[in-house]
Amino acid sequence: MTWQPHITVATVVEHEGKFLFVEEFKAGQHVFNQPAGHLEANETITQAALRETLEETAWEVELTGVVGIYLYTAPSNGVTYQRICFAARPVRHHQDRDLDSDIVRTVWLTRDELLAEPSRWRSELVPRCLDDYLKGPLHSLDLLRD
């Protein structure tokens, strides 16, 4: 059996002290996650982050930095994910755009509102990425090489 990690991207989008999350229905439960998804063939990591954020939230964003690079093995299925998490600012909302079928809705939450419901986190990476963003430092996008 060949072990192969899944490459994913996530985006912490902040506006006026609130953060953009998606609510997904996974394993019979409504959970919160940053806009996130898998890297697709023939796209760069930054292109993936911009695409996933738009598809899941209908928001165009401007990436402002790299929050961190995470390795996470999901206890539910044993799959290992490498997550590259970005910071971003909202640029334009496309209100009439349909969201990905996995997404129930988007929601802007404060850190305290997110932390109040740990049973609704998609994974422990959700609050970890948010806290790492808040603590800093943000790393330059130049860190990434295509």
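This is a predicted model, so every value here is computed, not measured.

(A) Spotlight on the nonpolar core. Core analysis: the largest hydrophobic core is formed by 20 residues, its most contacted members being Val-12, Phe-21 and Cys-85. At the level of elements, strand S1 (6-15), strand S2 (18-26), strand S5 (59-73), strand S6 (80-93), strand S7 (103-109) and helix H3 (125-135) are the ones that each hand at least two residues to this core. Here this core gets 5 residues from one element, more than from any other, and that element is H3. Those residues within four positions of Phe-21 in sequence are excluded, and the remaining contacts are Asn-33, Gln-34, Arg-105, Thr-106, Val-107, Leu-109, Leu-114, Val-126 and Leu-130. Grouped together as the second largest cluster of nonpolar side chains are 13 residues, Val-13, Ala-49, Trp-59 and Phe-86 included.

(B) Structural view of the pattern of salt bridges. Counted by the stated rule, this structure contains 13 salt bridges. Each member of the salt-bridge network shares a partner with another, and the members are Glu-40, Glu-43, Arg-51, Glu-52 and Glu-55.

(C) How the structure looks around the UniProt feature "domain: Nudix hydrolase" (unreviewed entry) in the chain. Under the local residue numbering, the UniProt record ascribes the feature "domain: Nudix hydrolase" (unreviewed entry) to residues 2-131. Taken end to end, residues 2-131 is 19% helix and 48% strand, and its two terminal C-alpha atoms sit 34 Å from one another.

(D) H3, seen in detail. Every buried residue of H3 is accounted for by Leu-125, Val-126, Pro-127, Cys-129, Leu-130 and Tyr-133. Taken from the residues just after H3, Gly-136 is the one with a positive phi, measuring 70 degrees.

(E) Seen up close, the environment of Val-67. Along the chain, Val-67 turns up in strand S5. For the pair Val-67 and His-139, spaced 72 residues apart in sequence, the C-alpha to C-alpha distance is 6.4 Å.

What counts and how
- Residues numbered from 1 in each chain as written.
- Predicted model: local features only at pLDDT ≥ 70, side-chain atom pairs only at ≥ 80, totals over all residues.
- Heavy atoms only, no water.
- Core = buried A, V, L, I, M, F, W, Y, C linked by side-chain atoms within 4.5 Å.
- Buried < 20%, exposed > 50% of the residue type's maximum accessible area, 1.4 Å probe, protein only.
- Helix = DSSP H or I, 4+ residues; strand = E, 2+ residues; numbered from the N terminus.
- Contact = heavy atoms within 4.5 Å.
- Salt bridge = Lys/Arg side-chain N within 4 Å of Asp/Glu carboxyl O.
- UniProt positions renumbered as here; feature names shortened; annotations may be inferred.

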